[in-house]
Amino acid sequence: MFIHKVDDDISLKLIELHDAERVFELTDKSRKYLREWLPWLDITNKLEDTKAFIQGCLKEYAENKSLNTVILFKGEIVGVAGFNSINWSNKTAYIGYWLGEEYQGNGIMTKVAKALTDYAINHLHLNKVEIRAAVENKKSRSVPERLRFVNEGTIRQAEWLYDHFVDHIVYGILASEWKRGGS
């Protein structure tokens with residue numbers, strides 16, 4: 001099983017089926033908050049939906065296509081983060097994340113994104129890590145900006161959010177930049 005210690009309070013653990021109840025509870029508790037920027041809230045209405053998501057994550061992990069983890073803060077699941085996909089041909093990982101509303105503002109996600117980037121570059125030997133966020137999603141955009149990812153441009157109408165499209169900013173960092181102290 002994958003477990004990665006970030007610091008004394010934060011760890012990343014491969015998401016597993018026995019995490020489904022807590023992940024669904026956290027999703028449900030933060031539903032209105034998360035819905036502003038995440039397109040899957042309306043199709044995650046019951047525990048079985050979260051279980052299906054986790055089964056998909058585990059299948060892709062077994063196929064070496066992604067790595068989705070739960071974020072443990074002081075031993076409690078507070079969110080989900082990981083590589084939504086890994087493109088081995090182009091040596092690129094794509095980080096995605098969300099955090100329960102009550103855990104915002106503690107620097108958790110910046111530490112998590114830093115740890116994932118470091119893992120991708122120094123352990124998986126990938127060349128690039130990308131984080132994409134909606135232009136207006138200031139909280140999410142602040143994570144790669146704090147880590148000195150490069151704003152590589154905007155993808156117009158990149159994502160459908162319930163009743164409208166949003167543009168995404170693509171942030172990236174190369175292995176050479178990270179190793180020079182990009183973070």
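Asker: How should the overall build of the protein be read in this particular structure?
Answerer: Regarding its fold elements, the protein presents six helices and eight strands. Helices and strands appear in the protein in the N-to-C order β-β-α-α-α-β-β-β-α-β-α-β-β-α. Taking 16 Å as the expected radius of gyration for a compact globule of 183 residues, we find that the protein reaches 16 Å, a close match to that expectation. Judged by the C-alpha coordinates and their principal axes, the protein covers about 45 × 40 × 35 Å. Buried residues in the protein amount to 48% of all 183 residues. Put simply, 61% of the contacts in the protein that link residues at least 6 apart link residues at least 24 apart. When the accessible area of the protein is evaluated, it comes to approximately 9600 Å², of which 48% is carbon and sulfur surface. Computing the positive centroid from 25 side-chain charges and the negative centroid from 26, the protein places the two 5 Å apart.

Asker: Would you mind going over the pairing of strand β5 (residues 92-99) with me for this structure?
Answerer: Side-chain direction in a regular strand flips from residue to residue, so the side chains alternate between the two faces of the sheet. Across the eight residues that make up β5, a large majority, seven, are buried. Strand direction decides the pairing type here: strand β4 (residues 76-87) and β5, joined by eight bridges, are antiparallel. Residue pairing for β5: Ile86 is matched across the bridge by Ala93. The loop that links β4 with its antiparallel partner β5 comprises four residues; one of these, Lys91, has a positive phi angle of about 55°. When β5 meets strand β6 (residues 128-134), the two strands line up parallel, connected through four bridges. Considered in β6, the bridge of Thr92 is made with Lys128. As a crossover connection, the stretch from β5 through helix α4 (residues 108-122) into β6 is right-handed.

Asker: Quick question: what am I supposed to make of the pattern of salt bridges here?
Answerer: For the coordinates displayed, the defined rule picks out 17 salt bridges. When the shortest N-O distance is used, the salt bridge between Glu63 and Lys59 registers 2.7 Å. Under the relative-accessibility criterion, Lys59 is labelled exposed at 51%. The partner of Lys128 in a salt bridge is Glu130, with the nearest N and O atoms 3.3 Å apart. Each member of the pair Lys128 and Glu130 is classed as buried.

Asker: Would you mind going over the nonpolar core with me for this structure?
Answerer: The tendency in soluble globular proteins is for nonpolar side chains to be buried side by side. Ranked by internal contacts, the top residues of the largest apolar core, which has 49 residues, are Ile71, Phe83, Ile108, Met109, Val112 and Phe149. The contacts of Met109, once residues within four sequence positions are left out, are Ile71, Ala81, Tyr97, Trp98, Leu99 and Val143.

Asker: Any chance you could explain the side chain of Ser11 here in plain terms?
Answerer: Tracing the sequence through the fold places Ser11 in strand β2 (residues 10-14). For Ser11, a relative accessible area of 19% corresponds to the buried category. With sequence-adjacent residues up to four places away left out, Ser11 is seen in contact with His4, Lys5, Val6, Val70, Ile71 and Leu72.

Asker: Just to check I follow, could you spell out the packing of aromatic side chains for this structure?
Answerer: To describe a pair of aromatic rings, one takes the distance between the centres and the angle between the planes. With the rule as written, the count across this model stands at three aromatic pairs. Note on Trp40 and Trp98: the rings are 5.8 Å apart at their centroids and 55° apart in plane angle, and the pair reads as tilted. With Trp40 in the loop between α2 (31-35) and α3 (47-62) and Trp98 in strand β5, the pair connects residues that are 58 residues apart, well separated along the chain. The exposure class assigned to Trp40 is partly exposed, which follows from its relative accessible area of 24%. Centroid distance Trp160 to Phe165: 4.8 Å. Interplanar angle 70°. Geometry classified as edge-to-face. For Phe165, a relative accessible area of 44% corresponds to the partly exposed category.

What counts and what doesn't
Residues numbered from 1 in each chain as written. Predicted model: local features only at pLDDT ≥ 70, side-chain atom pairs only at ≥ 80, totals over all residues. Heavy atoms only, no water. Helix = DSSP H or I, 4+ residues; strand = E, 2+ residues; numbered from the N terminus. Rg over C-alpha atoms; globule rule 2.2 N^0.38 Å. Buried < 20%, exposed > 50% of the residue type's maximum accessible area, 1.4 Å probe, protein only. Contact = heavy atoms within 4.5 Å. Areas by Shrake-Rupley, 256 points an atom, 1.4 Å probe, with all protein chains shown as cover. Lys, Arg positive; Asp, Glu negative; His and termini not counted. Charge placed at Lys NZ, Arg CZ, Asp CG, Glu CD. Pairing = 2+ DSSP bridges. Right-handed = clockwise from strand over helix to strand, strands pointing away. Salt bridge = Lys/Arg side-chain N within 4 Å of Asp/Glu carboxyl O. Core = buried A, V, L, I, M, F, W, Y, C linked by side-chain atoms within 4.5 Å. Phe/Tyr/Trp six-rings, centres within 6.5 Å; stacked < 30°, edge-to-face > 60°.

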